Amino acid sequence: MNPRASLLKEILTERRSVRRFAPEPVPEELIREVLDAGRLAPSPTNSQPWYFLVLSGADTSRAARIMARRTQGVSVPGFQAIAADAVRILEEAPHVITVWNAGRLSRRLRKLKGLIGPSYYRGYERAERDGIACAVENMWLMAQALGLGMVWIMTDASMARRFRAEFKMEATIAALCPIGLPAPDEPPERTGRKPLEDIARFLDPDR
Ligand SMILES: Cc1cc2nc3c(=O)[nH]c(=O)nc-3n(C[C@H](O)[C@H](O)[C@H](O)COP(=O)(O)O)c2cc1C
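Residues numbered from 1 in each chain as written. Predicted model: local features only at pLDDT ≥ 70, side-chain atom pairs only at ≥ 80, totals over all residues.

Draft legend 1. Just the overall build of the chain, in detail. Helix and strand counts for the chain come out as nine helices and four strands. Judged by the C-alpha coordinates and their principal axes, the chain covers about 55 × 45 × 40 Å. Per-residue burial for the chain yields a buried fraction of 28% across its 207 residues. Considering only residue pairs separated by 6 or more positions, the chain has 81% of its internal contacts joining residues 24 or more positions apart. (Helix = DSSP H or I, 4+ residues; strand = E, 2+ residues; numbered from the N terminus. Buried ≥ 20, exposed ≤ 12 C-beta atoms within 10 Å, placed from the backbone. Contact = placed C-beta atoms within 7 Å.)

Rendered as structure tokens:
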């Protein structure tokens with residue numbers, strides 16, 4: 001493997017979810033580098049559907065409060081624990097990059113929905129969300145390369161209205177990305193992956 005590919009693989013391998021942070025804020029230029037990695041992501045028809053709003057300090061609690069209200073409605077114990085942890089992470093992180101879907105592509109296509117058909121339209125909506133996932137992964141990798149920690153906290157449709165009102169946004173909340181320096185006692189948790197043989201194969205052209 002060439003050195004560039006080796007370096008990329010190293011960052012891909014090292015990247016992990018960080019859920020405990022040191023309280024100190026991160027220099028703005030580092031956050032800008034992370035955002036710029038998101039900006040460079042691919043998206044359907046290059047529609048760049050994302051918008052990033054960075055919350056710092058006490059403002060991260062505004063996202064945590066919305067998450068906490070959502071958590072009240074969760075009654076299954078395992079899910080409750082995950083939701084409660086999400087509130088803690090949002091409270092503790094020095095910054096939260098809120099990632100919004102501005103719907104730039106689907107808004108344009110809405111007018112053509114009758115022509116292209118609802119299924120095709122939904123495909124584009126889905127692709128728009130996939131594009132946002134690419135942006136988050138780009139930011140996650142850049143955070144890792146810069147020595148920062150990050151995680152993706154999922155949102156759901158029931159939070160969208162509150163997020164929109166709280167932050168006076170017209171877009172739809174798509175992801176919450178707490179980010180900061182990993183806490184010194186952050187356990188170096190490694191999540192495993194299935195071996196390649198279990199998840200990929202080459203289709204034999206002769207069969
Ligand atoms: C779309 C998506 C949503 C996720 N949502 C959450 C979440 O709500 N809370 C959380 O703690 N981690 C969340 N994660 C992080 C995953 O749990 C994590 O990526 C996975 O367990 C693999 O661990 P690793 O990131 O350390 O490799 C999410 C990851 C993705 C890609």
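Draft legend 2. Structural detail: the site of the ligand. Around the ligand, a shell composed of Arg16, Ser17, Arg19, Ala86, Val151, Trp152, Ile153, Met154 and Thr191 is seen. Counted by class, the shell around the ligand contains five nonpolar, two polar and two charged residues. (Near = placed C-beta within 6 Å. Nonpolar A, V, L, I, M, F, W, Y, C, P; charged D, E, K, R; others polar.)

Draft legend 3. Molecular detail of helix α3 (residues 60–72). Helix length check: α3, at 13 residues, gives a terminal C-alpha distance of 19 Å against a target of 18 Å (1.5 Å per residue), a fit within 8%. Along α3, the positions that sit buried rather than exposed are Thr60, Ala63, Ala64, Ile66 and Met67. Angularly, the buried residues of α3 cover 160 degrees about the axis, an arc narrow enough to put them on a single face. (Expected span 1.5 Å × (residues − 1). Arc of directions from axis to C-beta.)

Draft legend 4. Spotlight on unusual backbone geometry. Even without being glycine, Asn46 reaches a positive phi, approximately 50 degrees. Take Asn46: it is sitting in the loop between α2 (28–39) and β1 (50–56). Accessibility expressed as a C-beta count within 10 Å gives 8 for Asn46, which makes it exposed. Look at Gln48: it is not a glycine, yet its phi comes out positive at around 45 degrees. You can see Gln48 is positioned in the loop between α2 and β1.

Draft legend 5. Structural view of the environment of Pro49. Secondary-structure assignment places Pro49 in the loop between α2 and β1. Distance from Pro49 to Leu105, taken between C-alpha atoms, is 6.9 Å for residues 56 residues apart in sequence. Excluding residues within four positions of it along the chain, Pro49 makes contact with Ser43, Asn101, Ala102, Gly103, Arg104, Leu105, Glu128, Gly131 and Ile132.

Draft legend 6. Just the packing of helix α1 (residues 3–14) against helix α7 (residues 118–145), in detail. Relative orientation of the contacting elements α1 and α7 amounts to 100 degrees, with a least axis distance of 9 Å. Judged on the interaxial angle alone, α7 and α1 are roughly perpendicular. When α1 is examined against α7, the residues Ile11, Leu12 and Glu14 are found in contact with a partner set consisting of Leu141, Gln144 and Ala145. Residue composition of the contact of α1 with α7, grouped by class: four nonpolar, one polar and one charged. (Axes fitted to C-alpha atoms, helices over the stretch in contact; angles between N-to-C directions. Parallel < 35°, antiparallel > 145°, perpendicular 65-115°, else oblique.)

Draft legend 7. Geometry of the nonpolar core. Membership of the largest hydrophobic core comes to 39 residues, with the highest contact counts inside it found for Leu90, Val99, Met139, Cys177 and Ile179. Among the elements of the structure, α2, β1, α3, α4 (77–92), β2 (95–101), α7 and β4 (172–180) are those that each provide at least two residues to this core. For this core, the element with the highest residue contribution is α7, accounting for seven residues. Not counting residues within four places of it along the chain, the set of residues in contact with Met139 comprises Val34, Leu35, Ala37, Gly38, Ile97, Met150 and Cys177. (Core = buried A, V, L, I, M, F, W, Y, C linked by C-beta atoms within 7 Å.)

Draft legend 8. View of the environment of Ile97. Counting through the fold element by element, Ile97 comes out in strand β2. Each C-alpha atom of the pair Ile97 and Leu55 lies 6.2 Å from the other, and the pair is 42 residues apart in sequence. Setting aside residues no more than four positions away along its own chain, Ile97 makes contact with Phe52, Val54, Met139, Cys177 and Ile179.

Draft legend 9. Inspection of the sheet that holds β1 at higher detail. Strand order in the open sheet made by the four strands is β1-β2-β4-β3, with antiparallel pairing throughout. Single-partner strands in this sheet number two, and they are β1 and β3 (149–150). As paired strands, β3 and β4 are joined by two bridges and run antiparallel to one another. Among the inter-strand pairings, Gly149 is bridged to a residue of β4, identified as Gly180. Where helix α8 (residues 157–167) meets the sheet, it contacts β1, β2 and β4, and its direction lies at approximately 70 degrees from that of β4. (Pairing = 2+ DSSP bridges.)

Draft legend 10. Quick peek at the pairing of β4. By the criterion of burial, β4 is predominantly enclosed, with nine of the nine residues buried. When β2 meets β4, the two strands line up antiparallel, connected through seven bridges. Each residue of the ladder has a partner; that of Trp100, found in β4, is Ile173.

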